[in-house]
Amino acid sequence: MLSQTPMGFQSHGLGALSDTISCEVEEERNGSYELTMEYPITGVHFSEIEMRSIIVAKPNYLDEPQPFRVYQITKPLNGKCTIYARHISYDLSDIPVQPFTAAGIQSALNGLKTHAMYDVSDWTFATSRATASPFKVDVPSSIRSWFGGKEGSLLDIYGGEWHYTGKTCRLENSRGADRGVTIRYGVNLTELKQEENCNSCYTGVLAY
């Protein structure tokens, strides 16, 4: 489904993208959450797929359909385009938060809202964890950058696993359930490949 706004998906928005060739959503644990879609240029509503428009798709068999904001559309090749979109939670990367300190995880989440430099009243930050370690935003920076991926982030201090549902960002103790399944070579693992890449490796720093 295609829309221009991230809320109010009771209708089909601008319409269903019924001519989709393929659509895949990949979510890494506490990592990227993106959608990749192949769509023909002759498909219905193709002309309405624009940068920053929103595609609503079901990411897995458990979660409700989620909004993904388009950030890249390739040039047509053989009559089709590839469309890349990120989960709506990436909108928080464009919202800065002012420096503040907090005594625990709940006050830290509250602080991200109260110290945001733009209105985030339609967002919900929640958690099922109850850790009391101190948290500090030392310089103005984006809200989502404090979710994880750097020293002093919420994940760095409190641990857990993020679960995104629309504009609700929830830090859970864990997602899913341990069903006792193990991966064993020759049983449910038939091939293993390891790849090394030093393309972005820095070997020195030069002051100038």
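So, a few notes on the structure that sits alongside this text. (Residues numbered from 1 in each chain as written. Predicted model: local features only at pLDDT ≥ 70, side-chain atom pairs only at ≥ 80, totals over all residues. Heavy atoms only, no water.)

So, about the overall build of the protein chain. Check the secondary structure of the protein chain and you find 2 helices and 13 strands. Expressed along its principal axes, the backbone C-alpha trace of the protein chain runs to roughly 55 × 55 × 50 Å. The 208 residues of the protein chain split such that 37% are buried. Pairs at least 24 apart in sequence give 51% of the contacts found in the protein chain among residues at least 6 apart. For the protein chain, the exposed surface amounts to about 13100 Å²; the carbon and sulfur share of it is 50%. (Helix = DSSP H or I, 4+ residues; strand = E, 2+ residues; numbered from the N terminus. Buried < 20%, exposed > 50% of the residue type's maximum accessible area, 1.4 Å probe, protein only. Contact = heavy atoms within 4.5 Å. Areas by Shrake-Rupley, 256 points an atom, 1.4 Å probe, with all protein chains shown as cover.)

This part is about the sheet that holds strand β3 (residues 33–40). Taken in spatial order, the 6 strands make up an open sheet running β1-β4-β5-β6-β3-β2, and their pairing is antiparallel. Both outer strands of the open sheet, β1 (2–3) and β2 (22–27), are each paired with one neighbouring strand and no more. With 6 bridges connecting them, β2 and β3 associate as antiparallel partners. Bridge assignment links E27 to a residue of β3, and that residue is Y33. (Pairing = 2+ DSSP bridges.)

Let us look at the pattern of salt bridges. Per the stated rule, a full pass over the model turns up 8 salt bridges. When the shortest N-O distance is used, the salt bridge between E27 and R175 registers 2.7 Å. Taken together, the residues span a long stretch of sequence, with E27 in strand β2 and R175 in the segment after β13 (168–172) at a distance of 148 residues. Residue E38 is joined to K80 by a salt bridge in which the shortest nitrogen-to-oxygen separation is 3.6 Å. Linking E38 in strand β3 with K80 in strand β6 (residues 80–87), this pair joins segments that are 42 residues apart in sequence. For E38, a relative accessible area of 24% puts it in the partly exposed group. (Salt bridge = Lys/Arg side-chain N within 4 Å of Asp/Glu carboxyl O.)

A few words on the side chain of T127. Mapped onto the elements of the fold, T127 is located in strand β9 (residues 124–127). The class for T127 is buried, based on a relative accessible area of 11%. Reaching out from T127, the side chain makes a polar contact with the backbone nitrogen of R129 at a distance of 3.0 Å. In this structure the side chain of T127 is engaged in a polar contact, spanning 2.8 Å, whose partner is the backbone oxygen of L171. In this view, T127 contacts I105, Q106, L109, R170 and L171; residues no more than four positions away in its chain are not counted. (Polar contact = N/O pair within 3.5 Å; in protein donor to acceptor, adjacent residues only side chain to side chain.)

For the coordinates displayed, the defined rule picks out 9 aromatic pairs. Aromatic side chains F100 and F135 sit 6.0 Å apart centroid to centroid with 55° between the ring planes, which places their arrangement in the tilted category. Of the two residues, F100 is situated in strand β8 (residues 100–102) and F135 in strand β10 (residues 135–137); the sequence distance between them amounts to 35 residues. Taken together, a centroid distance of 5.9 Å and an interplanar angle of 85° make the contact between F125 and F147 edge-to-face. Highlighted residues: F125 in strand β9 and F147 in the loop between β11 (141–142) and α2 (154–158), separated in sequence by 22 residues. Across from the ring centre of Y71, 3.7 Å away, lies the NZ or CZ of R86, which sits over that ring. (Phe/Tyr/Trp six-rings, centres within 6.5 Å; stacked < 30°, edge-to-face > 60°. Lys NZ or Arg CZ within 6 Å of the ring centre and 35° of its normal.)

Before going further, it helps to spend a moment on the nonpolar core. As a rule of thumb, soluble globular proteins bury nonpolar side chains together. Among the nonpolar cores identified, the biggest contains 46 residues, and L112, F125, F135, I143, F147, L154 and W162 are the most heavily contacted of them. Once residues within four sequence positions are removed from consideration, F125 is found in contact with L92, Q106, L109, L112, K113, I143, F147 and C169. (Core = buried A, V, L, I, M, F, W, Y, C linked by side-chain atoms within 4.5 Å.)

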